[in-house]
2 protein chains.
Amino acid sequence: MNNQQFDLSNWQSHGYSCPVEATLDIIGGKWKSVILYHLIDGEIRFNELKRLVPGITQRMLTLQLRELERDGIIHREVYKQVPPKVEYSLTSFGETLIPIIKSMLHWGIEHTEKIVQHREQAEVKD
Amino acid sequence: MNNQQFDLSNWQSHGYSCPVEATLDIIGGKWKSVILYHLIDGEIRFNELKRLVPGITQRMLTLQLRELERDGIIHREVYKQVPPKVEYSLTSFGETLIPIIKSMLHWGIEHTEKIVQHREQAEVKD
DNA sequence: CAGTATCCGTAATGATACTG
DNA sequence: CAGTATCATTACGGATACTG
């Protein structure tokens with residue numbers, strides 16, 4: 001089986017050993033893909049996002065958003081009003097990541113059940 | 001824009017807030033996607049893998065491989081001989097992850113350059 | 001509301017040495 | 001060759017309190 005339909009010989013490494021590593025550098029954070037997933041449907045406010053991702057702390061949410069912003073993946077729109085309102089959205093560059101997020105979504109939908117069962121069996125053997 | 005073409009109301013959470021989180025739990029490790037990427041083309045021996053992923057230490061490689069094996073993603077074939085030979089390969093379940101890995105690969109190939117440039121600019125502003 | 005600022009624990013990762 | 005074992009370090013992430 002040869003699934004490698006690309007010639008990687010010209011791929012400039014920039015310190016990465018392969019393109020997958022580079023991608024991981026952008027969306028590799030523990031929460032980044034989840035954040036991006038929620039942003040697919042449109043802009044979201046900070047506290048909305050916090051509700052959508054129950055496991056994350058306020059601090060981590062801020063940090064991950066800042067990194068995504070720095071990398072040009074998301075846009076941060078601040079509305080000058082009291083109380084403040086900040087909306088996050090995907091940039092057009094960020095939208096190029098949607099196929100990745102979608103494939104992760106699809107996989108999760110189809111295989112989570114199996115994974116959970118598998119892990120429970122593994123625990124018994126421990 | 002409504003990209004959510006799936007009804008998630010029936011998706012059993014199993015402790016995850018969304019399917020993406022579940023997927024991340026499987027391939028979220030710093031090196032797992034890279035390892036899986038190399039396994040797409042067929043089985044690979046331990047030391048080959050170490051060469052293909054220069055950044056990883058022997059210890060981390062072992063740990064990540066063990067986790068992938070535990071989750072049923074890869075198969076570990078031990079040849080009883082001296083010197084020992086161990087080959088890793090994707091299970092059929094592991095192969096269901098290929099679309100995700102491929103989309104990460106494609107994205108990396110197309111956008112790494114841009115990311116690197118973007119980061120260099122960001123550094124100047126610091 | 002949307003954050004910062006501190007402090008702190010632990011899990012993740014690394015370095016090095018050793019082995020069936 | 002394909003790992004373990006041990007120790008050290010760091011980075012990740014959490015809890016809590018405070019603020020424009």
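Conventions used here
- Residues numbered from 1 in each chain as written.
- Chains lettered and ligands numbered in written order.
- Predicted model: local features only at pLDDT ≥ 70, side-chain atom pairs only at ≥ 80, totals over all residues.
- Heavy atoms only, no water.
- Near = heavy atom within 4 Å.
- Polar contact = N/O pair within 3.5 Å; in protein donor to acceptor, adjacent residues only side chain to side chain.
- Helix = DSSP H or I, 4+ residues; strand = E, 2+ residues; numbered from the N terminus.
- Salt bridge = Lys/Arg side-chain N within 4 Å of Asp/Glu carboxyl O.
- Buried < 20%, exposed > 50% of the residue type's maximum accessible area, 1.4 Å probe, protein only.
- 1 Å grid on protein atoms, 1.4 Å probe; cavity = no way out; pocket = protein on both sides within 12 Å on 5 of 7 lines; lining within 4 Å.
- Points joined across faces, edges and corners; volume = space filled by probe spheres on them.
- Nonpolar A, V, L, I, M, F, W, Y, C, P; charged D, E, K, R; others polar.
- UniProt positions renumbered as here; feature names shortened; annotations may be inferred.
- Core = buried A, V, L, I, M, F, W, Y, C linked by side-chain atoms within 4.5 Å.
- Contact = heavy atoms within 4.5 Å.
- Pairing = 2+ DSSP bridges.
- Buried area = accessible area lost by both parts, 1.4 Å probe.

Caption draft 1: Just the protein's contact with DNA strand C, in detail. Around DNA strand C, the surrounding shell holds 19 residues, and the nearest of these are Gln58, Arg66, Arg76 and Tyr88 of chain A together with Arg59 of chain B. Taken together, the sugar and phosphate atoms account for 62% of what DNA strand C places within 4 Å of the protein. Contacts to DNA strand C include Asn47 of chain A, whose backbone N or O atom sits 3.1 Å from a phosphate oxygen. Listing elements by their share of the surface near DNA strand C, those giving two or more residues are helix H3 (46–52), helix H4 (58–70) and strand E3 (85–90) of chain A together with helix H4 (58–70) of chain B. Take the surface near DNA strand C: its biggest share by element is four residues, from H4 of chain A.

Caption draft 2: Representation of the pattern of salt bridges within the structure. A complete count under the given rule lists 10 salt bridges over all chains for this structure. The partner of Arg70 of chain A in a salt bridge is Asp71 of chain A, and the shortest N-O contact between them spans 3.3 Å. Of the residues examined, Arg70 of chain A reaches a relative accessible area of 38% and is grouped as partly exposed. Here Glu67 of chain B ties to Lys32 of chain B by a salt bridge, and the two come within 2.6 Å at their closest N and O atoms. Here the residue Glu67 of chain B occupies a position in helix H4, and Lys32 of chain B occupies one in helix H2 (residues 32–39), the gap between them amounting to 35 residues. Several salt bridges share partner residues, and in doing so they unite Asp25, Arg70 and Asp71 of chain A together with Arg119 of chain B into one network.

Caption draft 3: The arrangement of the layout of surface pockets in detail. Computed from the structure, the largest pocket encloses a volume of approximately 300 Å³. For the lining of the largest pocket, the secondary structure elements donating two or more residues are helix H1 (19–27) of chain A together with helix H1 (19–27) of chain B. Tallying contributions element by element places H1 of chain A first for the lining of the largest pocket, with four residues. Taken together, the residues that form the lining of the largest pocket break down as eight nonpolar, seven polar and three charged.

Caption draft 4: Looking closely at the UniProt feature "domain: HTH hxlR-type" (unreviewed entry) in chain A. Feature annotation in UniProt assigns "domain: HTH hxlR-type" (unreviewed entry) to the following positions: residues 18–116 of chain A. Taken end to end, residues 18–116 of chain A has its terminal C-alpha atoms 30 Å apart, with 61% of it in helix and 14% in strand.

Caption draft 5: Highlighting the nonpolar core. The biggest cluster of nonpolar side chains holds 68 residues, and the ones touching the most others in it are Leu36 and Ile74 of chain A together with Leu36 and Ile74 of chain B. The contacts of Ile74 of chain B, once residues within four sequence positions are left out, are Leu36, Leu39, Leu65, Leu68, Glu69, Tyr88, Ser89, Leu90 and Thr91 of chain B.

Caption draft 6: Examining the environment of Tyr79 of chain A more closely. Residues and elements named next belong to chain A. Take Tyr79: it is sitting in strand E2 (residues 74–79). The exposure class assigned to Tyr79 is partly exposed, which follows from its relative accessible area of 31%. Along the backbone, Tyr79 and Glu48 are 31 residues apart, and their C-alpha atoms lie at a distance of 16 Å. Here Tyr79 is in contact with Pro84, Lys85 and Glu87, once residues within four sequence places are set aside. A polar side-chain atom of Tyr79 sits 3.1 Å from a polar atom in the side chain of Glu87.

Caption draft 7: Representation of the pairing of strand E3 (residues 85–90) of chain B within the structure. Residues and elements named next belong to chain B. Among the six residues in E3, five count as buried, and that is most of the element. Bridge count for strand E1 (residues 44–45) against E3 is two bridges, and the pairing is antiparallel. In the strand pairing of E3, Arg45 is matched with Glu87. Alignment of strand E2 (residues 74–79) against E3, held across six bridges, turns out to be antiparallel. Residue pairing in the sheet places Ile74 in a bridge with Leu90 of E3.

Caption draft 8: Molecular detail of the interface of chain A and chain B. On the side of chain B, 58 residues touch chain A, which itself brings 57 residues to the contact. Counting the surface lost from both chain A and chain B, the interface buries some 5500 Å², and carbon and sulfur atoms represent 65% of this. Here chain A is connected to chain B by four salt bridges. Between Arg119 of chain B and Asp71 of chain A there is a salt bridge, and its shortest N-O distance comes to 2.9 Å.

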